[in-house]
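For reference, the chains in residue letters:
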Amino acid sequence: MKKLIYVVAYILALGIVACGSDDGAEPVDCGQARVEVADLGNTYRENTSTNNCSAYKTSIESYLSNSCSLDDDEKLIWEKELATLGDCTIAGKICLLCTNSDITIVVCRGENGSTFIDDKDIGVPFDTYVERSTCE
């Protein structure tokens, strides 16, 4: 019976150690993460494909989730960039914050040149919408 108790105690101890907080993830080198974000951002600006958008977005999310941003202002800049990228389903999507009637929303230009709000084509050319709004 003592042997059985020792075996159970050993298995429990092993289980507790194996289920510790160490998830096996390597610590992130924030300097390298900054370089990766910059490189992928340049690649995306050169070729706004869906794959480049997804890679750039993932690198920004990793940068932010590993607390690599220097301060709240930098974090806000990256969060706005993520909002601009959207879900990367429309390659070459360009998004702006536009204000009409004191309401500010994210407005995007799709590949077809039309205006998208909440990923819905509103049937207005993007350039026309931007001309009639205050956008940044």
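As the structure is a computational prediction, the values presented were derived from the model and not from experiment. (Residues numbered from 1 in each chain as written. Predicted model: local features only at pLDDT ≥ 70, side-chain atom pairs only at ≥ 80, totals over all residues. Heavy atoms only, no water.)

(A) Just helix 4 (residues 72–85), in detail. An ideal rise of 1.5 Å per residue puts 20 Å on 14 residues; helix 4 measures up with 20 Å between its terminal C-alpha atoms. Residues of helix 4 that are buried include every one of E74, W78, L82 and L85, and no others. The arc that holds every buried residue of helix 4, seen down its axis, measures 85°, which confines them to one face. Opposite the packed face of helix 4, turned more than 90 degrees from it, sit the exposed residues D72, D73 and I77. (Helix = DSSP H or I, 4+ residues; strand = E, 2+ residues; numbered from the N terminus. Expected span 1.5 Å × (residues − 1). Buried < 20%, exposed > 50% of the residue type's maximum accessible area, 1.4 Å probe, protein only. Arc of directions from axis to C-beta.)

(B) Representation of the state of the cysteines in the model. The full count for this structure, using the stated rule, is two disulfides. A sulfur-sulfur distance of 2.1 Å marks the disulfide that ties C30 to C68. The chirality of the disulfide connecting C30 with C68 is left-handed, given an S-S dihedral of about -75°. One end of the pair, C30, is in helix 2 (residues 30–46); the other, C68, is in the loop between helix 3 (50–65) and helix 4, and 38 residues separate them in sequence. (Disulfide = S-S within 2.5 Å.)

(C) Spotlight on unusual backbone geometry. A positive phi angle, close to 55°, is found at S67, a residue other than glycine. Mapping S67 onto the fold places it in the loop between helix 3 and helix 4. Judged by its relative accessible area of 59%, S67 is exposed. At S101, a position not held by glycine, the phi torsion is positive, near 50°. In this fold, S101 is placed in the loop between strand 1 (94–100) and strand 2 (103–109). On the basis of relative accessibility, which here comes to 69%, the residue S101 falls in the exposed class.

(D) Highlighting the pairing of strand 4 (residues 120–125). When strand 3 (residues 114–117) meets strand 4, the two strands line up antiparallel, connected through three bridges. Bridge pairing in strand 4 links S114 to P125. The hairpin formed by strand 3 and strand 4 contains two residues between the paired strands, and D118 there has a positive phi angle of roughly 55°. (Pairing = 2+ DSSP bridges.)

(E) Expanded view of helix 3. Between its terminal C-alpha atoms helix 3 stretches 22 Å, which fits the 22 Å expected from 16 residues at 1.5 Å a residue. Those residues of helix 3 that fall on the buried side of the exposure criterion are N52, C53, Y56, K57, S59, I60, Y63 and L64. For helix 3, the angular spread of buried residues about the axis comes to 160°, placing them on one side. In helix 3, the exposed positions that point more than 90 degrees away from the buried face belong to N51 and S65. Following helix 3 by one or two positions, S67 has its phi on the positive side, about 55°.

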